[in-house]
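Inside the fold
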Amino acid sequence: MTHMNREGVLGWLARSFIHILKSSIFRFYAAGESLEDCVTIRGKLTEFNMKMIVDHSVEEEETEDAWAENLAAKQRLIRSVRPVLGDSVSFVPLKITALFSPSLLEDMSVEIMKESNWVGKLPDPTLIFTEEQRMIYDKCMRNLEEICETAKIENVPVLLDAEQSHRQPAIDFIANTLMLKFNSGNVCILYNTYQMYLRNSLLRLDRDVKMMAEKHGVCLGIKLVRGAYMEAEAQTAQNKGIQNPILPEKNQTDDQYNSAVEYALDAIGNKRGKMSPVSSQVSIIIATHNRQSIDIATKMMERLNIPRNHPNIHFAQIMGLCDNLGHALGNAGYNAHKLVLFGLFSDLFPWLLRRLDESRDTLGATTAELPAVGQEIRRRLVGRYGSYM
């Protein structure tokens, strides 16, 4: 076989494989290429009393032009979900590094972590900014404030995605700064994400509940996931010669995740005897495909006499993963949601591959579910193309 023939065959195989993936797996985990394609998903989820978290995939950027483009796209999405999908959309995710300088986040985090007790009390890293850093920070914060303003006007809350741990201290600072401005009382426009595989996450959660909800009376938006970037965190720690920030055992992550769920529900149930009620100042999204964590949450809600449809308690999963759990929650009267992606196959498929491969990423799938996910992918491929496999 000549080189050209070999290249041609390989190209044909690649195109055929992509066609198979696009026409089988892709449609199970994404709505389609446009927001309007989510309408069909809305109808299916409505049957189970479920709502949507709608997003299109974007990656991090380091230029003002790219930030401006991403800002405009995200604002269009927030403004469009109500006209197209009505009240079936509860939240829209936001990748902060699509609108904010990743390198500045890292510089800010370095300054924050110089304070030995930063996990207990966040210092202000902007106090030592250079003039250039201040200009970049102000521009990036205006991007985020515009998103929050749009979200508030349209009544579509925004979920800040988590990043790697060497950026997270700065994201915590920024999230709290924005919540002080846009979240008030029981109005929660912005949520921060807590990755519970990180050793310090429970302490950070406690810090923010006490500072934001109890001291300032701000509605603290909490999205709980198990965690993303496991391999990247381990590699970064090895390269820097530092301790891996991730808990070493999966059961430790499970325990910390469940403790965070109980802590947040306890705050909403107002059973901790703190000096001021915080039930309306904490809102939680329990983002997990783990049945045990869901059982713990629902049983605790029952024990604390918290209504199943409490407006500050939500459950979320990725569309196509553990759908039976989401359906059961919705039918039982809980606020259940599915993350529904739309966009071009070429844009979304790398995202989907990472989630299905790692399954510890967005919305907190666990390693225990990887075999089930793999079997499901193979079942769907074999079911459609069995004679060719």
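Note that the structure is predicted; figures quoted are calculated from it, not measured. (Residues numbered from 1 in each chain as written. Predicted model: local features only at pLDDT ≥ 70, side-chain atom pairs only at ≥ 80, totals over all residues. Heavy atoms only, no water.)

**Structural notes on the overall build of the protein**
Rules: Starting at the N terminus, helices and strands are each numbered in turn, a helix being any DSSP run of H or I of at least four residues and a strand any DSSP run of E of at least two. The buried label applies to any residue whose accessible area, calculated with a 1.4 Å probe on protein chains only, is under 20% of its type's maximum; exposed applies above 50%, and partly exposed to all values in between. Two residues form a contact once any of their heavy atoms are found within 4.5 Å. Residue exposure ignores everything except the shown protein chains as possible cover, and the areas themselves are Shrake-Rupley values with a 1.4 Å probe.
Helix and strand content of the protein: 14 helices and nine strands. With 389 residues in all, the protein has 53% of them scored as buried. A sequence separation of at least 24 residues applies to 76% of the contacts in the protein between residues at least 6 apart. Total accessible area on the protein stands at roughly 17,700 Å², and carbon and sulfur atoms take up 52% of it.

**What about the environment of Pro311?**
Topologically, Pro311 is positioned in the loop between helix H11 (291-303) and strand E8 (313-318). A residue is classified by how much of its surface remains accessible, and Pro311, at 58% relative accessible area, is exposed. Sequence-distant contacts of Pro311, that is, excluding residues within four places in its chain, are made with Ser283 and Asn335.

**Observations regarding the nonpolar core**
We apply this condition: To define a nonpolar core, start from buried Ala, Val, Leu, Ile, Met, Phe, Trp, Tyr and Cys residues and group those joined through side-chain atoms within 4.5 Å.
Counting 83 residues, the largest nonpolar core has Phe100, Ile174 and Ile222 as the members making the most contacts within it. What Ile174 contacts, discounting residues up to four positions off in sequence, is Ile96, Phe100, Leu105, Met108, Met141 and Leu144.

**Concerning the confidence of the model for the protein**
Cut-off, in case you're wondering: What pLDDT reports is the predictor's confidence in each residue, on a scale of 0 through 100.
Residues of the protein with pLDDT of at least 70 account for 80%, and the chain-wide mean is 85. Counted against residues more than four places away or in other chains, residues 376-389, with its pLDDT under 50, gives 19 contacts.

**Here's the deal with the pairing of strand E6 (residues 220-225)**
The test is simple: Between any two strands, at least two bridges found by DSSP are needed for them to pair.
For E6, a buried count of six out of six residues is recorded, marking the element as mostly surrounded by other parts of the structure. The two faces of E6 match: Leu220, Ile222 and Leu224 on one face and Gly221, Lys223 and Val225 on the other face are all buried. Pairing between strand E5 (residues 190-195) and E6: five bridges, direction parallel. Within E6, the residue paired with Gln195 across the bridge is Val225.

**Focus on the environment of Glu149**
Among the secondary structure elements, Glu149 is positioned in helix H6 (residues 131-154). Residue Glu149 is classed as partly exposed on the basis of its relative accessible area of 37%.

**What to know about unusual backbone geometry**
The phi torsion at Asn49 lies on the positive side, around 60°, for a residue other than glycine. Considering the arrangement of structural elements, one finds Asn49 in the loop between helix H3 (38-46) and strand E2 (50-55). For Asn49, a relative accessible area of 48% corresponds to the partly exposed category. Unusually for a residue other than glycine, Asn305 sits at a positive phi of about 60°.

**Here we look at the pattern of salt bridges**
Rules: Salt bridges are identified by distance alone: a Lys or Arg side-chain nitrogen within 4 Å of an Asp or Glu carboxyl oxygen.
The final tally for this structure, using the stated rule, is 17 salt bridges. Lys114 serves as the salt-bridge partner of Glu111, at 2.8 Å between the closest nitrogen and oxygen. Note on Glu111: relative accessible area 27%, which makes it partly exposed. Between Arg226 and Asp254 there is a salt bridge, and its shortest N-O distance comes to 2.8 Å. With Arg226 in the loop between E6 and helix H9 (230-240) and Asp254 in helix H10 (residues 250-269), this residue pair connects regions lying 28 residues apart in the sequence. If you follow the salt bridges from partner to partner, you end up with Glu60, Lys95, Glu106, Glu163 and Arg167 in one network.

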